[in-house]
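Coordinates in review
So the chains spell out like this:
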Amino acid sequence: QVQLVESGGGLVQPGGSLRLSCLASGISFSYYAMSWYRQTPGKERELVAASGGSHTDYADVVKGRFTISRDNAKNTVYLQLNSLKPEDTAVYYCGASRLFRGQYWGQGTQVTVST
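The following refers to the structure shown. Here the structure is a predicted model, which means the values were calculated and not measured. (Residues numbered from 1 in each chain as written. Predicted model: local features only at pLDDT ≥ 70, side-chain atom pairs only at ≥ 80, totals over all residues. Heavy atoms only, no water.)

Quick word on the sheet that holds strand β3 (residues 18–25)
With antiparallel pairing, 4 strands are arranged side by side in an open sheet as β1-β3-β8-β7. The open sheet has two edge strands, β1 (3–7) and β7 (66–71), and neither has a second partner. Averaged over neighbouring strand pairs, the angle between their axes works out to 15 degrees when direction is ignored. As paired strands, β1 and β3 are joined by 5 bridges and run antiparallel to one another. Opposite Ser7, over in β3, you have Ser21 as the bridge partner. (Pairing = 2+ DSSP bridges. Helix = DSSP H or I, 4+ residues; strand = E, 2+ residues; numbered from the N terminus. Axes fitted to C-alpha atoms, helices over the stretch in contact; angles between N-to-C directions.)

Quick look at the side chain of Ser51
Within the fold, Ser51 resides in strand β5 (residues 46–52). Classification of Ser51 as buried rests on a relative accessible area of 4%. With sequence-adjacent residues up to four places away left out, Ser51 is seen in contact with Tyr32, Ala33, Met34, Thr56, Ile68 and Arg70. (Buried < 20%, exposed > 50% of the residue type's maximum accessible area, 1.4 Å probe, protein only. Contact = heavy atoms within 4.5 Å.)

Here we look at the side chain of Ser35
As for its placement among the helices and strands, Ser35 is situated in strand β4 (residues 33–39). In contact with Ser35, other than residues within four places in its own chain, are Leu47, Ala49, Ala50, Ile68, Tyr93, Cys94 and Gly95.

Regarding unusual backbone geometry
For Asn75, which is not glycine, the phi torsion reads 55 degrees and is therefore positive. Positionally, Asn75 belongs in the loop between β7 and β8 (76–81).

Examining the pairing of strand β10 (residues 102–105)
As judged from the 4 bridges shared by strand β9 (residues 90–98) and β10, these two strands associate in the antiparallel manner. When the sheet's bridge partners are listed, Arg98 is paired in β10 with Gly102. Counting the residues between successive antiparallel strands, the hairpin from β9 to β10 contains 3 residues, one of them, Phe100, with a positive phi of roughly 65 degrees.

Observations concerning the nonpolar core
With 28 residues, the main nonpolar core has Met34, Trp36, Phe66, Val77, Leu79, Leu81 and Tyr92 as its most contacted residues. For this core, the secondary structure elements donating two or more residues are β3, β4, β5, β7, β8, β9 and β11 (109–113). Those residues in contact with Leu79 that sit more than four places away from it in its chain are Leu18, Arg19, Leu20, Trp36, Val48, Ala49, Phe66, Thr67, Ile68 and Tyr92. (Core = buried A, V, L, I, M, F, W, Y, C linked by side-chain atoms within 4.5 Å.)

In structure tokens, the structure reads:
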């Protein structure tokens, strides 16, 4: 059974930082592309950052502020969020994908940026 469990969300002031974690089980983690998405009410889920092999990529709106990293030995992917803005407020989801193996999602963790 595949499980992706996110943690690390919370309330932070503008300009602050958070570190999200996603622990995966039930998959051969190192073979999967790992990604972070976010979603706000009434909007589609949007890709924020992705990591596949040694390659990473970011949405333009977070480039230079967010950093995705992974520890294959711990089956964990991280998202470091710096210089947070109120518009970064969303539920953040971890995703795992592999060709011919499908796409899996975590349950999400809420990030709120507010004074």
